[in-house]
Amino acid sequence: MTPSVGVVVPTRGDRPGPLREAVAAVLAQDHAGRLDVVVVADGVSPREVSEQLIGRAAGGWEAVRVLANTRTPGLPGARNTGIDACDTDLIAFCDDDDVWLPGKLAAQLHALRDGGEFASCGIEVEHRGHRVARLAGASVVTAADLIRSRMVMVHSSTFLFRRGELWPDESAPAGQNEDWDLALRAAKRRPLVHADRPLVLVRWAGSHYAARWADRIAGLEWMLARHPELAVDPCGAARVYGQLAFGHAALGRRRAAVRWAARAFAARPREPRGPIALAVAAGLVSAPRVLSALHNRGHGI
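Residues numbered from 1 in each chain as written. Predicted model: local features only at pLDDT ≥ 70, side-chain atom pairs only at ≥ 80, totals over all residues. Heavy atoms only, no water.

When its secondary structure is counted, the chain shows 11 helices and 10 strands. Computed over C-alpha atoms, the radius of gyration of the chain comes to 19 Å, within 12% of the 19 Å expected from 2.2 N^0.38 for 301 residues, which places it in the range of a compact globule. Taking the principal axes of its C-alpha atoms as reference, the chain extends roughly 55 × 40 × 35 Å. Here the chain, with 301 residues, has 53% of them falling under the buried criterion. Across the chain, the fraction of contacts at a sequence separation of at least 24, relative to all contacts at a separation of at least 6, is 78%. Accessible area of the chain: about 12,800 Å², with a carbon and sulfur share of 53%. Between the averaged position of the 38 positive side-chain charges in the chain and that of its 32 negative side-chain charges there is a distance of 7 Å. (Helix = DSSP H or I, 4+ residues; strand = E, 2+ residues; numbered from the N terminus. Rg over C-alpha atoms; globule rule 2.2 N^0.38 Å. Buried < 20%, exposed > 50% of the residue type's maximum accessible area, 1.4 Å probe, protein only. Contact = heavy atoms within 4.5 Å. Areas by Shrake-Rupley, 256 points an atom, 1.4 Å probe, with all protein chains shown as cover. Lys, Arg positive; Asp, Glu negative; His and termini not counted. Charge placed at Lys NZ, Arg CZ, Asp CG, Glu CD.)

What follows deals with the environment of leucine 109. Assignment of secondary structure puts leucine 109 in helix α4 (residues 104-112). The sequence separation of leucine 109 and alanine 172 amounts to 63 residues, and the corresponding C-alpha distance is 29 Å. With sequence-adjacent residues up to four places away left out, leucine 109 is seen in contact with Pro3, His31, Leu90 and Leu160.

A word on the pattern of salt bridges. The tally for this structure, following the rule as stated, stands at 24 salt bridges. A salt bridge links arginine 71 to glutamate 170; the shortest N-O distance between them is 2.7 Å. Within this pair, whereas arginine 71 is found in the loop between β3 (64-68) and α3 (75-85), its partner glutamate 170 is found in the loop between β9 (160-162) and α6 (178-189), the two being separated by 99 residues in sequence. Given a relative accessible area of 34%, arginine 71 falls into the partly exposed group. Residue glutamate 165 pairs with arginine 189 through a salt bridge whose shortest N-O separation is 2.7 Å. Placement of the pair is glutamate 165 in the loop between β9 and α6 and arginine 189 in helix α6, with a sequence separation of 24 residues. (Salt bridge = Lys/Arg side-chain N within 4 Å of Asp/Glu carboxyl O.)

Let us look at the side chain of aspartate 181. Residue position: aspartate 181 is located in helix α6. Only 3.0 Å separates the side chain of aspartate 181 from the side chain of arginine 226, close enough to count as a polar contact. The contact partners of aspartate 181, leaving out residues within four places of it in the chain, are Asp169, Trp222, Met223, Arg226 and His227. (Polar contact = N/O pair within 3.5 Å; in protein donor to acceptor, adjacent residues only side chain to side chain.)

Before going further, it helps to spend a moment on unusual backbone geometry. Despite not being glycine, arginine 128 shows a phi value in the positive range, around 50°. By the element assignment, arginine 128 lies in the loop between β6 (118-127) and β7 (130-134).

This next bit is on the packing of α6 against helix α7 (residues 213-226). Between α6 and α7, the least distance of the axes is 10 Å, while the angle of their chain directions is 20°. Looking at the two axes, α6 sits roughly parallel to α7. For the element pair α6 and α7, the recorded crossing hand is right-handed. Listed contacts from α7 to Glu178, Trp180, Asp181, Leu184 and Arg185 of α6 are Leu220, Trp222, Met223 and Arg226. Tallied by class, residues from the contact of α6 with α7 come to 5 nonpolar, no polar and 4 charged. (Axes fitted to C-alpha atoms, helices over the stretch in contact; angles between N-to-C directions. Parallel < 35°, antiparallel > 145°, perpendicular 65-115°, else oblique. Left-handed = near helix turned anticlockwise from the far one by under 90°. Nonpolar A, V, L, I, M, F, W, Y, C, P; charged D, E, K, R; others polar.)

What helix α10 (residues 273-281) keeps buried is the set Arg273, Gly274, Ala277, Ala279, Val280 and Ala281. Looking at the buried side of α10, the elements it contacts are α8 (234-250), α9 (254-267) and α11 (287-296). In the stretch just after α10, glycine 283 is the one whose phi turns positive, near 80°.

Take the environment of leucine 291 next. Turning to its location among the elements, leucine 291 is positioned in helix α11. Take leucine 291: its relative accessible area is 8%, and that puts it in the buried class. Sequence separation between leucine 291 and isoleucine 301 is 10 residues; the distance between their C-alpha atoms is 6.7 Å.

Glancing now at α3. In terms of burial, α3 is a largely internal element, 9 of the 11 residues being buried. Within α3 the residues assigned to the buried category are Leu75, Pro76, Gly77, Ala78, Arg79, Asn80, Thr81, Gly82 and Ile83. Tucked inside the fold, the buried residues of α3 contact β1 (5-11), β2 (35-41), β3, β4 (90-93), β9 and α6.

This brings us to the pairing of β4. Side chains Leu90 and Ala92 of β4 all project onto a buried face; the interleaved residues Ile91 and Phe93 project onto the opposite face, where all are buried too. Where β1 and β4 come together, 4 bridges link them in parallel fashion. If you follow valine 7 over to β4, its bridge partner there is alanine 92. (Pairing = 2+ DSSP bridges.)

Moving on, we get to the packing of α8 against α10. Between α8 and α10, the shortest axis-to-axis distance is 8 Å and the interhelical angle comes to 10°. In terms of their interaxial angle, α8 and α10 are classed as roughly parallel. Facing Arg239, Gly242, Gln243, Ala245, Phe246, Ala249 and Ala250 of α8, the residues of α10 in contact are Arg273, Gly274, Ile276, Ala277, Val280 and Ala281. Tallied by class, the residues present in the contact of α8 with α10 amount to 8 nonpolar, 3 polar and 2 charged.

Written out as structure tokens, the structure is:
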């Protein structure tokens, strides 16, 4: 029997065009089972969001519900509100500015058939007209993989998992890293199954999170506290320390940037984020310029 799928699409109501495209791409998936799409209005009225979708009622749009976030304001609470509203076998996430590509759902359902609990897939990153595929190079993602590297292709808009098994943690500071935390908790239970081809278009230019440096710092510290093993793996530790160094440098906190860069170097001398953070702290290059160059190549800091 084909499992039913509930798709949770959180929105702040400030990207109506991309939201319509995201929902349309979900509804266009070739899926023989029931598909229940829940758009969760976070900090905006459901009526306003519904009006953004007016005129789309034909062709399967009757499967779309718009609800208010009734839990903690922010992305994790909005996602949990959507999960609460679903009675489906599986739950999937899609951000309101991302697009599921044809075959996404079918490929992941096939990957789950061997008993997996949580599936991800490859992505195509779009930034200012540039598109770059990001693949894992494997059909399975382990907890060790997610500790050593954030693995950007294990993106929230790729998540498909059994309902009732996992929930985003609403204590994540400003929602930062709640998706990484969820995937890591899932992988600790059982390795993730992964359809390693670009099946989701991820747009970085409109991200709400890209340059909120204080929140990003808090989110990284939250992850270190929740998952102490991140500080044990040399590659994983150096990456997180380098990101903390860059965040402090972007905020003009030179001493903190130098301190975290030194820790990144001590954990792994070849970690590139430390020197990049020091260059930003010294005023040799701006944080936005670094990010733009990285995003054009499908990478983040």
